[in-house]
Amino acid sequence: MAPENDPTQSAAKNPPDEDVVIEVERLVMRFGKQTVLSGLDLKVRRGETLVVMGGSGCGKSTLLGLMIGGKAPTEGRVRLFGEDIAQVDETRLDALRRRFGILFQSGALYQSMSIADNVALPMRELTDLPPDLIDLQVKMKLEAVGLREHADKFPAQISGGMKKRAGLARALALDPEIIFYDEPSAGLDPVTSAEIDQLILTLTKKLGVTSVVVTHEMDSAFTIADRMVMLDKGRCLKIAPRAEYERIRSLGNDQASMLPEDDRIVRQFIRGDAAGPITDRRTMTSYADDLMGLLAPLPASPSITPTR
Ligand SMILES: Nc1ncnc2c1ncn2[C@@H]1O[C@H](COP(=O)(O)OP(=O)(O)OP(=O)(O)O)[C@@H](O)[C@H]1O
Ligand SMILES: [Mg+2]
């Protein structure tokens, strides 16, 4: 079936507006002369898990930063629950912040605070909950990620995987409607990584949480995703239901050679193949750069006129 006639595909591209909780419109982000995002369009529906993939440095963390109002885009906008997050005042931003949680790529815990205090922080800053209720909530969140017994330790006293889980407990602190995860399982052992996947699934399926997950871990991506999007050169290369990504992944080399270029890029990325359009492109680019480097020192029009 052609993609435009496939109901699952067109629903993925055009979800009904009342279901959309994040809307990214013509988003452009430049740092100096570098254009990281060059006109991105994307919608995230309530209750779905959208996995964001793409090569290192392609702008995934930048996109998450823009989605949470951590920075303002060069052009375009992100609407969170219908509001332009870069335009709202501090009061509205605080109100929006109560509705989402973030698990940062680095964990981003405060080193001078205990794990329990790190988790309590959003509740203390953004709610009027009394201290005893906050303590209770903190215990529940730490229990959910298996860290209740380590509540009084400081970040320097726990392992990398435990820091990730503590970051997750903090992201869950305010019972958010949306959770943003930046590389939730990077650097974790396979079991802890699978546990985090299960937690994401539980939150989504039981509590209806919407998740936007940046990940390079393909096992994890294919376990948790409802839809997947691959970023490349500042744009959405492909946004589609997980089943479509599974189809592309399972194609043999003969069938894959008939795919459009974008799908061949996606296939190489999700299979982690050593050869394919991504590596071809890299080789061609560096060869062209090398040639430019060789040509640059030559005079514009070599002269054969004798100097004397
Ligand atoms: N504050 C900043 N100032 C200047 N350049 C930045 C800034 N933040 C990001 N960049 C650049 O933007 C590009 C995208 O960075 P980003 O962190 O979004 O990539 P990523 O896709 O998350 O990569 P990774 O998979 O390695 O985490 C990189 O080239 C980075 O150097
Ligand atoms: Mg990143």
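Residues numbered from 1 in each chain as written. Chains lettered and ligands numbered in written order. Predicted model: local features only at pLDDT ≥ 70, side-chain atom pairs only at ≥ 80, totals over all residues. Heavy atoms only, no water.

Here we look at helix α7 (residues 190-207)
Phase 1 of the analysis: With 18 residues, α7 extends 25 Å between its outermost C-alpha atoms, agreeing within 8% with the 26 Å of an ideal straight helix rising 1.5 Å per residue.
Phase 2 of the analysis: Within α7 the residues assigned to the buried category are T192, S193, I196, D197, L199, I200, L201, L203 and T204.
Phase 3 of the analysis: In this structure, the buried residues of α7 make contact with β3 (49-53), α5 (131-144), α6 (160-171), β7 (178-182), β8 (210-214) and α8 (218-224).
Phase 4 of the analysis: Between a side-chain oxygen at the N-terminus of α7 and the backbone nitrogen of V191 the separation is 2.9 Å; the capping residue is D189.
Phase 5 of the analysis: Following α7 by one or two positions, G208 has its phi on the positive side, about 70 degrees. (Helix = DSSP H or I, 4+ residues; strand = E, 2+ residues; numbered from the N terminus. Expected span 1.5 Å × (residues − 1). Buried < 20%, exposed > 50% of the residue type's maximum accessible area, 1.4 Å probe, protein only. Contact = heavy atoms within 4.5 Å. Polar contact = N/O pair within 3.5 Å; in protein donor to acceptor, adjacent residues only side chain to side chain.)

Description of the environment of I22
Phase 1 of the analysis: Mapped onto the secondary structure, I22 falls in strand β1 (residues 20-31).
Phase 2 of the analysis: With a relative accessible area of 0%, I22 lands in the buried category.
Phase 3 of the analysis: When residues no more than four places from it in sequence are discounted, the contact partners of I22 are L42, K43, V44, M67, V78, R79, L80, I178, F180 and V212.

Details of the pairing of strand β4 (residues 75-80)
Phase 1 of the analysis: Where β1 and β4 come together, five bridges link them in antiparallel fashion. Across the sheet, I22 pairs through a bridge with L80, a residue of β4.
Phase 2 of the analysis: Where β4 and strand β5 (residues 83-84) come together, two bridges link them in antiparallel fashion. Residue pairing in the sheet places R79 in a bridge with D84 of β5.
Phase 3 of the analysis: The turn linking β4 back onto β5 is made up of two residues, and F81 within it adopts a positive phi angle of 50 degrees. (Pairing = 2+ DSSP bridges.)

Notes on the sheet that holds β7
Phase 1 of the analysis: The strand order β6-β7-β8-β3-β9-β10 describes an open sheet built from six strands, whose pairing is mixed. Among the strands making up the open sheet, the edge pair consists of β6 (100-103) and β10 (235-241). Each neighbouring strand pair of the sheet contributes to a mean axis angle of 15 degrees, computed without reference to strand direction.
Phase 2 of the analysis: Inspection of the sheet shows strand β9 (residues 227-232) paired to β10 by six bridges, in the antiparallel sense. By the bridge assignment, M228 is partnered in β10 with A240.
Phase 3 of the analysis: Across the sheet, α6 is in contact with β6 and β7; its angle to β6 comes to roughly 170 degrees.
Phase 4 of the analysis: Sheet contacts for α7: β3, β7 and β8; angle to β7, the most-contacted strand, approximately 160 degrees. (Axes fitted to C-alpha atoms, helices over the stretch in contact; angles between N-to-C directions.)

Let's talk about the sheet that holds β1
Hydrogen bonds between backbone atoms are what pair the strands of a sheet, whose relative direction is either parallel or antiparallel.
Phase 1 of the analysis: Spatial strand order, β2-β1-β4-β5: four strands in an open sheet with antiparallel pairing. Each edge of the open sheet carries a strand with a single partner, namely β2 (34-45) and β5.

Some words on the packing of helix α4 (residues 115-126) against α6
Phase 1 of the analysis: Remark: α4 packs on α6, axes separated minimally by 8 Å, with the N-to-C direction vectors making an angle of 30 degrees. Relative to α6, the element α4 lies roughly parallel. Regarding α4 and α6, the two cross each other, and that crossing is right-handed. Across the interface between the two elements, I115, N118, V119 and P122 from α4 touch A166, A169 and R170 from α6.
Phase 2 of the analysis: Partitioning the contact of α4 with α6 into residue classes produces five nonpolar, one polar and one charged. (Parallel < 35°, antiparallel > 145°, perpendicular 65-115°, else oblique. Left-handed = near helix turned anticlockwise from the far one by under 90°. Nonpolar A, V, L, I, M, F, W, Y, C, P; charged D, E, K, R; others polar.)

Let's talk about a nonpolar patch on the surface
Phase 1 of the analysis: On the surface, a cluster of nonpolar side chains totalling about 340 Å² of accessible area is made up of L129, L133, L136 and M140.
Phase 2 of the analysis: Along the chain, M140 falls in helix α5. (Patch = residues over 30% accessible without salt bridge, like charges linked within 9 Å, V, L, I, M, F, W, Y side chains within 5 Å. Areas by Shrake-Rupley, 256 points an atom, 1.4 Å probe, with all protein chains shown as cover. Salt bridge = Lys/Arg side-chain N within 4 Å of Asp/Glu carboxyl O.)

A closer look at the nonpolar core
Phase 1 of the analysis: Ranked by size, the top nonpolar core spans 54 residues in total, and within it M53, L142 and Y245 carry the most contacts.
Phase 2 of the analysis: Per element, the largest residue contribution to this core is six residues, and it comes from α4.
Phase 3 of the analysis: Of the residues that make up this core, three or more belong to each of domain 1 (13-99 + 177-189 + 206-252 + 259-287) and domain 2 (109-175).
Phase 4 of the analysis: Non-local contacts of L142, meaning those with residues more than four positions away in its chain, are made with I115, A116, V119, L147, R148, A151 and A169.
Phase 5 of the analysis: Core analysis: the next-biggest nonpolar cluster, separate from the first, contains 33 residues, M29, V44, L96 and V214 among them. (Core = buried A, V, L, I, M, F, W, Y, C linked by side-chain atoms within 4.5 Å. Domains from an automatic or database assignment.)

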